[in-house]
Amino acid sequence: MTSVILGVSGASGAALALSVARHLVDLSIGVELVVSPAAERTSHAECGEVALLSLTDLADHVYAPSDIGARIASGSAPVAGMIVAPCSMRSLAAIANGLDDNLLTRSASVQLKERRPLVLLTREAPLTLAHLRNMTAATEMGAIILPPVPAFYLIPTSLADVVDQIAARAVDLLHIAPPICRAWTG
């Protein structure tokens, strides 16, 4: 079975992680999950006390961020790529500068060195020059920067519609299954 690493950092947007995981599971793609301590707190604050449990229930494997020796810290781990949803500016900076100080950032670096897709749902506004430079550096290394910007042209009727569309777009960018996000039809 194909699997994808889902990294969840502490930026606002915890619902994005849940939606990405649901989309992957619906496609029969395994979920290798790493949740930062800040993401645990954000998940509880934004989505309620059972959100983290719901997320871990969707995962095939859950790794502690401190487990730098986990299987997914190696390029030999057979994964199809990684999505960081949401991606904090701290995690972006670590990835962009090769600071493999925890399993989330190490796994992201592995995707880059192995030339596998790495999709970062960067979450901050407004952006500083440091944020922009880190986005540029990550992009130059091969990452895909996907800020969670709504596709207003699809006329979403709820926040869940917006979240699900952004999450589907992130999964589509891995190119491991037929597209699942709603497309503009003209």
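Every chain is numbered on its own, with residues counted from 1 as its sequence reads. In view of the model being predicted, local features appear only for residues whose pLDDT reaches at least 70, and side-chain atom pairs are presented and counted only at 80 or more, with totals across whole chains, interfaces and linings using the full set of residues. Computation of side-chain values covers all heavy atoms of the structure but excludes hydrogens and water.

J.: For the overall build of the chain, give the residues involved together with the corresponding values.
T.: Helical segments are the DSSP runs of H or I of at least four residues, strand segments are the runs of E of at least two, and each set is numbered from the N terminus. The number of helices and strands found in the chain is seven helices and six strands. Radius of gyration here is computed from C-alpha atoms only, and the compact-globule reference equals 2.2 Å multiplied by the residue count raised to the power 0.38. The C-alpha atoms of the chain give a radius of gyration of 15 Å, which matches the 16 Å a tight globule of 186 residues would have. Taken over 186 residues, the chain has a buried fraction of 49%. Within the chain, counting contacts between residues at least 6 apart in sequence, those at least 24 apart form 78% of the total. Areas reported as accessible are Shrake-Rupley estimates using a 1.4 Å probe. Residue values count occlusion only from the protein chains shown. For the chain, the computed accessible surface area is about 8,900 Å², with 57% contributed by carbon and sulfur atoms. When charges are counted, Lys and Arg are positive and Asp and Glu negative, with His and the chain ends excluded. Think of each charge as sitting on NZ of Lys, CZ of Arg, CG of Asp or CD of Glu. Here the chain contributes 12 positively and 16 negatively charged side chains, and the mean placements of these two sets differ by 7 Å. Exposure is judged per residue with a 1.4 Å probe applied to protein chains only, and the accessible area is read against the type maximum: over 50% gives exposed, under 20% gives buried, and values in between give partly exposed. Here a residue-residue contact requires only that any non-hydrogen atoms of the pair lie within 4.5 Å.

J.: Tell me about helix α4 (residues 89–96), residues and numbers included.
T.: Buried residues dominate α4, accounting for six of its eight residues. Within the span of α4, buried status applies to Met-89, Ser-91, Leu-92, Ala-94, Ile-95 and Ala-96. In the core, the buried residues of α4 are packed alongside β4 (82–87), α5 (103–113), β5 (118–122), α6 (129–141) and β6 (144–145). A positive phi of about 65° marks Gly-98, the residue just after α4.

J.: Lay out the sheet that holds β6 with the relevant residues and their values.
T.: Here six strands make up an open sheet; going across it, the order is β3-β2-β1-β4-β5-β6 and the pairing parallel. Taken across any chain shown, the strands that pair with only one partner, and hence form the sheet edges, are β3 (61–63) and β6. Bridging between β5 and β6 involves two bridges; their strand directions are parallel. Residue Val-119 lies in a different strand from β6, and its bridge partner there is Ile-144. Taken strand by strand, α4 contacts β4, β5 and β6, and its axis lies near 145° from that of β5. Two strands form a pair only when DSSP identifies at least two bridges running between them. Between N-to-C directions, angles cover 0 to 180 degrees, with each direction set by a line fitted to C-alpha atoms, over the stretch in contact for helices.

J.: Before we move on, could you go through the side chain of Arg-116 and cite the residues and values that matter?
T.: Position of Arg-116 relative to the elements: it lies in the loop between α5 and β5. Look past the residues within four positions of Arg-116 in its chain and what remains in contact with it is Gly-75, Ala-77, Val-79, Gly-81, Val-110 and Gln-111.

J.: Describe the pairing of strand β1 (residues 3–8), naming the residues involved and giving the relevant values.
T.: Of all the six residues making up β1, six are buried; the element is thus mostly covered by neighbouring parts of the structure. Here β1 shows two buried faces, one formed by Ser-3, Ile-5 and Gly-7 and the other by Val-4, Leu-6 and Val-8. Here a crossover is taken to be right-handed if, once the strands point away from the viewer, the path from the first strand over the helix to the second is traced clockwise. At this point the chain moves from β1, through helix α1 (residues 14–26), to the parallel strand β2 (residues 30–35), and the crossover so formed is right-handed. Two elements, β1 and β4, share three bridges in a ladder whose sense is parallel. Paired with Ile-5 across the bridge in β4 is Met-82.

J.: Which residues make up the nonpolar core, and what values do they have?
T.: If you look at the biggest cluster of nonpolar residues, it comprises 31 residues, and the most contacted ones within it are Leu-6, Leu-55, Ile-83 and Leu-121. Elements with a contribution of two residues or more to this core: β1, α1, β2, α3 (51–58), β4, β5 and α7 (159–172). When sequence neighbours within four positions are dropped, the list of residues in contact with Ile-83 reads Val-4, Ile-5, Leu-6, Gly-7, Val-20, Val-119, Leu-121, Ala-170, Val-171 and Leu-174. Residues Val-34, Tyr-63, Ile-95 and Leu-120 belong to the second largest nonpolar core, which totals 23 residues. Nonpolar cores were defined as sets of buried Ala, Val, Leu, Ile, Met, Phe, Trp, Tyr and Cys residues, with membership established by side-chain atoms within 4.5 Å.

J.: Could you give an account of the environment of Leu-132, naming the residues involved and the relevant values?
T.: Assignment of secondary structure puts Leu-132 in helix α6. A sequence separation of 84 residues divides Leu-132 from Gly-48, and the C-alpha atoms of the two residues are 32 Å apart.

J.: Which residues make up helix α2 (residues 37–47), and what values go with them?
T.: Among all positions of α2, only Ala-39, Thr-42 and Ser-43 are buried. Mapping the buried residues of α2 onto a view down its axis gives an arc of 105°, with all of them on the same face. Of the exposed residues in α2, those oriented more than 90 degrees away from the buried face are Pro-37, Arg-41 and Ala-45. Among the residues trailing α2, Gly-48 stands out with phi positive, at a value near 100°. As used here, the arc belongs to the directions running from the helix axis to the C-beta atoms.

J.: I'd love a proper account of a nonpolar patch on the surface, names of residues and values included.
T.: Residues Leu-127, Leu-129 and Leu-132 make up a contiguous nonpolar surface patch of about 260 Å² in total accessible area. By the secondary structure assignment, Leu-127 is in the loop between β5 and α6. Leu-127 gets classed as partly exposed once you look at its relative accessible area, which sits at 38%. For patch detection, residues must exceed 30% relative accessible area and be free of salt bridges, and they are connected within 9 Å for like charges or within 5 Å for nonpolar side chains (Val, Leu, Ile, Met, Phe, Trp, Tyr). By definition, a salt bridge exists where a carboxyl oxygen of Asp or Glu is found within 4 Å of a side-chain nitrogen of Lys or Arg.

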